[in-house]
Structures are given as structure tokens and as C-alpha cells.
Amino acid sequence: MSNESDSMDWNTEDDLEIDNMVSSPCSIREVVASSWAIGSSSCAIKSTLIDQFLEMGFPEHLVIRALKENEDRTSEDAVIGSILTYMALEDPSHDNECTPDNPSSAGTSLNYTDLEFDLSDDEDSVHEESMDPSSEKEATPLSLLLAMGYGDEEALEAIDKLGKDTPTDELVQFIDAARFSHNADAPVHDSTKKERTGPSSEKDMQLALLLEMGYEAEEALAAIDRCGTDTPIEELIQFITAARFRHNLDAPQQKQNPETHSKFSKKRKKIDSTSRNHMKQKLKRNQEYKKHHGTEEQDDDEDIVTHLPKPMIGFGVPNLPFFGTRRNIPPDAIGPPYFYYENVALTPRGVWPKIQRFLNDIKPEFVDSKYFGAACRKRGYVHNLPIQNRFRLLPSPPVTIQEVFPLSRRWWPNWDKRTKLNCLVTCIGSAKLTDRIKKAIEENCNDNDEPPSHVKKIVMEQCKKWNLIWVGKNKVAPLEPDEMEELMGFPKNHTRGGGISKTDRHKFLGNAFQVDTVAYHLSVLKNMYPRGINVLSLFSGIGGAEVALHRLGIPLKNVVSVEISEQCRTIVDGWWRETGQRGNLIHAQDVQEVDEQMLEQWNSKFGGFDLVIGGSPCNNLAGGNRVSRDGLEGKHSSLFYEYYRILECVKSIMRGQ
């Protein structure tokens, strides 16, 4: 999967796993709580109310102001009324109707018809909004940090220390490192005092942690029972949050005071006008959809919850028995051309049902790449390929951290039980963070002793969050690009040289196909195309599809690679020459510029495409996006429709032939 632009850093699905792993619901709002001078239990209540109103789309500063004003009143209508008043007073241009071309008004309009809540078992199902939806284009570092859940004081301190022009990921690392230092320096209770009995099981440990974070025992137990004891703590938190939102949504609404109704009738008209505009956009999409399908687009996609399989093995993975899954491929979707589409598995509600409906109602195959290597990578694949007689690449890659990094065994502490890395993402931990980890361990234990449990807990959180590995005594380090290349199945030095920076190498690899996984699915093509294959590669990135086909031993006769990043095109071009490919490689820059005339020319030249493969941007789908997680209607992830358009055009041309 490629980048839409050289400057856009798209998050991968497990960016969600590296968010908010240290903070608790109470600590996130501790600055607000202190301004009310209230106790810890009241802090949890206030924090819950704040988060509830933020999820409705209201700006945070107005929520806090309204809660202060209505501190002695329990009616949510009173709080909402105050917020709407502030919004009307702050926005003199609010009379303008909210349209796609007027994003400023969208930031202060609340459209209840667009609220989405999801109770699926998977961590990424809850649609999360930023505190200010209009901040996507002109977001300040402070607003981004607040939208990500960080407190006012720590955000301001990070900006003051590092400067307002510092990239957001560096500010996040600074705050995380500061939190880590604070927690690691916390005094350890005297062992002579009464000690708390440790959790006797994984379930008890998760329950104890959730209770410490302020959640109720009943909802914590329900989350653990529903999701399983092996579920990461951040997934349990999101499950509880989703359940709370659903409860609030389903609760009967109180009758509104007539005076309040009159006071804010003008505001409701603006909300209604936003709803009308939303319906106009939906109608336009229906008309476009009808051109291709002959029927209108269904309205119930957003109501469908996609339950991801556990274990996430799709239609089968190596070394596990194949149960002969049967698939119903519609007659008009049977290849050639074969098609293969990939994106993150954990998306906002309704995304995968819509992708499935556009791509011939073919059921997605959800696979975690941990069954093919030493790193997790949860992805969904929609394709019309056969699923029998698959085979994996040889030699088989190492499947544990210790096999990939044998030299680390000497330094790996026995209290770090990891055997798999989390998903490889587009950013890495900072040098300051690794230095703080080393100091925290050395300052809290002797040479032959383990660090205290609270230090071990924080260290493990950071190691999992940033995929840190042990490289010396009490020393951890982030992955190098060469190590990421091996974990992702690319040849050594695939992204090295050619003026490509280390940061860009991490970014390109974090957005790429996992070659071993994709090759397993594409292996059925080897016997079909012994003399070579014609490929239309959309969103090519660093050439994961091309590398997979080459490693399978399938000759690449003609490849049209469509990729907007010049650096990625340079990488693919260099790999093509270095591997001695004898076929034709044609570069195109932008999928939006690939029209019917170009496709007809390529079809005439090559005799048609055997495979159309690609993964459109996940920027508006991934859980780590706290600003513009708008699903397939987002600015970048809407490029999925370009994949669909091009695929349908290729089918039409080839069938006309």
C-alpha cells in the first residue's frame, strides 16, 4: 500500500495499539479535574462526561466551560444548551450552510444522523472524532495533542521545550518519555508494609488494571469475558467505551424545556440544514453508484458490524489444517482478470461491508501476518483468486523475535515474554525514550535483580508500543530499516540509497504489503501463468506485489505500476533492474489520472491484464487517526473508489474484446 503523497504519513492499522497505553480516563482530564478541586471519584465522573460530549462532536473548551457553568445541575440538556449557545456566540458566520467547500462551518455543526457506535469484538470499531473536526487543514500542535487525549499542561510543556514547529510524533514521544520518567521515579512501597496480593491469573491482572484506571468491575468483567483474556488492555478499554456510548444512545431522552426549545430553535435549523446537505451528498453518490450497478446504493452499510475472526487466519494459513472453505464467486467476477485488494482489517463501522459490496459481494479474507513471520499485521483482502493449492515462499522466514534477532537472546530479560512484534508502523521510538528506559532500570535494581513490578510494567508498555528490542544490558533500541525489510519479506537494502532518508524508509515499509502473506495468496497464479503475467499494480508503493510475484517464480511480462511517490517509483525501478527483469515496466503517477483511453492503450499493447492488485490509502481508516477518521468518504481513503473504477473499466474493455 503506497503513500498518496511524499509528505503524507499514513497510519497503519496498529497505530491504534501505540495510542494512550499509559494514560487512564481520569489522568487524561486531571488538569480539568484540579480546576474543580474535586476528589478522585468525581474526577472519573467529570472525565466520563467530558469524553461523552467530545464523542458527540463538541469542542473540548466549550464542553469544559458548560460543565463548570452547570456543575450543580444534572440535566444533560442544560449542558448541551450551554454548549450550543457558546458555539453560536463564537461563530458569527454560522448562518452559512455547512458544505464540503465550507469546512469551517462543519466544525461547529452537530449532525446526529452521522453518529456511529459499534459493539464489535475488535478494538478499532469505535468511530472516534477529534475535538475539532475543522482542524484537519489548520490543526495546531496543541489541538492535535489535545485531540489525541493528552492533558493541557503536558502538551504545553512539550511544545515549550521542543518548539511549536516540532513534528507531532516527536512531541508525543517527549510526553510519553516524561510520563515514563514520572512513573519510573515513583516511590516503591516499603516491603515491610502490607503487600497487595498479586493477580493469580491473566484475567485477574487485566481486571486489576482496569479497576485501577477507574472502570467499574461489572463492565470490566464483561469486556474481558467478551473479548478474551488474551486481548490487549487498550482493546478492552475501547470495548467498554463503545458499550457506554451505546447505552447513552439507547437511553430515553428527556423532554426538553419549552423555553430551551425556543432559545435554540435557530441552532436546530442549522443542524437540519447540515442533515439536508448530508442527504444531498448521499443522493449524488447513489446516482454515481447506479451508473455502474443499475440499482441505488444501500443505506444500511453503516449499520453492519464486521466481526473479525479469531484466530485471524482467513481461508487458511501454512501449518494449519485447511477445512475446504467454499466461496461463492459471482459469474461476472470470475477471472481473468483476477483482482486483489488490501486494506487494514480494523476500520470504522460499515467500511468492509461497503468494500465487499462494491467488489462483487466477495467476502473479505482477514489474515494476521503473525502466521507468516515474527510481526503482527492485521489486514483484509478481497479477491477472486482460487484458494486451493496455495503454497508459501521458501525458505520460510523466522517466526519469532528471537529467531530474527539471535544476538538479542543474550540481553533479553526473562520478564519480557514477547515472541512476536506488534505491527510495524511508520514511526519509531526516540533516542531519549530508550535512554530513559535504561536509566529507569539501572536506578531501580541491582545487577542481578529484576526491576520493581511498576518499572517492568512501564518498560513493557513502551517496548510493545514502539517495537523496541534488547541490544545490550538494560538497553533497548527501535528497529532499523534493514530489520524491517527482513520482517516485511523484502530483499536486503531494498529501500536503501538513492537519496532516500531513514525516516522515509520507515514510512514506506510501514505502509507496504507483507510479502510472505501476499505471496501465499498469489501462489495459485504460478501454474496459471508459467510464461509470464501482465499486472496492473495500483498504489504500488515500494513494489510489494511485484516482489511477491518474482519470489514465487512467476515471470513479470508487463507491469504498469501506478504510484504517486517519486521516491517509491525510484525504489521499484531500481529493484526491476537489479533483479534482471526482462519484461516491460511502465510507470504512471496518479490513479485519478488513469482513464479509459490509457487502459485501452495498455490493453491493446499487452492483450489485457491478468491481475489488478493494490491497496488504497488507509489514512482515514486507521485507528491512530484522531483527526480525520472519516472512513471511505475521507479525503485519502476515498481513493478506494478509484481502484473500483479502474477495475470495472478493465473488465469492460477485456470483455468487449
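Here the structure is shown first, and the text comes after it.
Described in the following lines is the structure provided in the data block. These numbers come from a predicted model, not from an experiment. Along each chain, residue indices are assigned from 1 in the same order as the chain's sequence is written. In view of the model being predicted, local features appear only for residues whose pLDDT reaches at least 70, and side-chain atom pairs are presented and counted only at 80 or more, with totals across whole chains, interfaces and linings using the full set of residues. Each side-chain value is worked out from all heavy atoms of the structure, with water and hydrogens disregarded.

## A short note on the packing of aromatic side chains
Where two aromatic rings form a pair, the distance of their centres and the angle of their planes describe that pair. Centres within 6.5 Å are what make two rings of Phe, Tyr or Trp a pair, Trp counting through its six-membered ring; a difference in plane orientation under 30 degrees is then read as stacked, over 60 as edge-to-face, and the rest as tilted. Counted by the stated rule, this structure contains 12 aromatic pairs. With a centroid separation of 5.8 Å and 85° between ring planes, the pair formed by Trp415 and Trp470 is classed as edge-to-face. With a gap of 55 residues between them, Trp415 in the loop between α17 (401-404) and α18 (431-443) and Trp470 in strand β4 (residues 469-472) connect regions that are remote in the sequence. Trp470 shares its class with Trp415; the two are buried. Ring pairs connect the aromatic residues Tyr341, Phe358, Phe640, Tyr641, Tyr643 and Tyr644, which therefore count as one cluster. In this description a helix means any DSSP run of H or I spanning at least four residues, a strand means any run of E spanning at least two, and both kinds are numbered starting from the N terminus. When accessible area is computed with a 1.4 Å probe and restricted to protein chains, residues below 20% of their type maximum are described as buried, those above 50% as exposed, and intermediate ones as partly exposed.

## Considering the sheet that holds strand β7 (residues 556-562)
Pairing is mixed in the open sheet, where 7 strands are placed in the order β2-β3-β1-β9-β6-β7-β8. Here the strands that pair on one side only, and so sit at the sheet edges, are β2 (365-368) and β8 (584-588). For this sheet, the mean angle separating the axes of adjacent strands, direction not counted, is 20°. Criterion used throughout: strands pair if DSSP finds at least two bridges between them. Bridge analysis of β2 against strand β3 (residues 378-383) gives 4 bridges, and the strand direction is antiparallel. Residue pairing for β3: Glu365 is matched across the bridge by Tyr381. We call two residues in contact whenever any of their non-hydrogen atoms come within 4.5 Å of each other. Helix axes are fitted only over the stretch in contact, all axes being lines through C-alpha atoms; the angle between N-to-C directions runs from 0 to 180 degrees. Along the sheet, helix α26 (residues 640-656) makes contact with β1 (338-344), β6 (533-538) and β9 (611-614), crossing β1 at roughly 175°.

## Quick look at empty space enclosed by the protein
With a 1 Å grid spanning the protein atoms alone, the term cavity applies to any set of points in which a 1.4 Å probe fits but cannot get out, the term pocket to an open set with protein on both sides within 12 Å along at least five of seven lines, and the term lining residue to any residue with an atom within 4 Å of a point. Grid points are joined across faces, edges and corners, and a volume is the space filled by probe spheres set on the points. Scanning the model with the defined rule gives 9 cavities of 30 Å³ or more in all. Quantified by volume, the second largest cavity comes out at close to 80 Å³. Lining the second largest cavity, in full, are Leu424, Val425, Cys427, Ile428, Lys465, Trp466, Asn467, Leu479 and Met484. Split by residue class, the lining of the second largest cavity holds 7 nonpolar, 1 polar and 1 charged. Side-chain classes follow a simple rule in which Ala, Val, Leu, Ile, Met, Phe, Trp, Tyr, Cys and Pro form the nonpolar group, Asp, Glu, Lys and Arg form the charged group, and the remainder, Gly included, forms the polar group.

## Overview of a negative patch on the surface
A cluster of acidic residues, Asp152, Glu153, Glu157 and Asp160, forms a negative patch on the protein surface. Examined against the element boundaries, Glu153 turns out to sit in helix α9 (residues 152-162). The class for Glu153 is exposed, based on a relative accessible area of 56%. The patches described consist of residues with a relative accessible area above 30% and no salt bridge, like charges being joined within 9 Å and nonpolar side chains (Val, Leu, Ile, Met, Phe, Trp, Tyr) within 5 Å. Here the open area of atoms and residues is found with the Shrake-Rupley method and a 1.4 Å probe, where only the protein chains shown may cover a residue. Salt-bridge detection follows one rule: a side-chain nitrogen of Lys or Arg within 4 Å of a carboxyl oxygen of Asp or Glu. Charged residues are defined narrowly, with Lys and Arg counted positive, Asp and Glu counted negative, and His plus the chain ends left uncounted. By convention, the point assigned to a charge is CZ for Arg, NZ for Lys, CD for Glu and CG for Asp.

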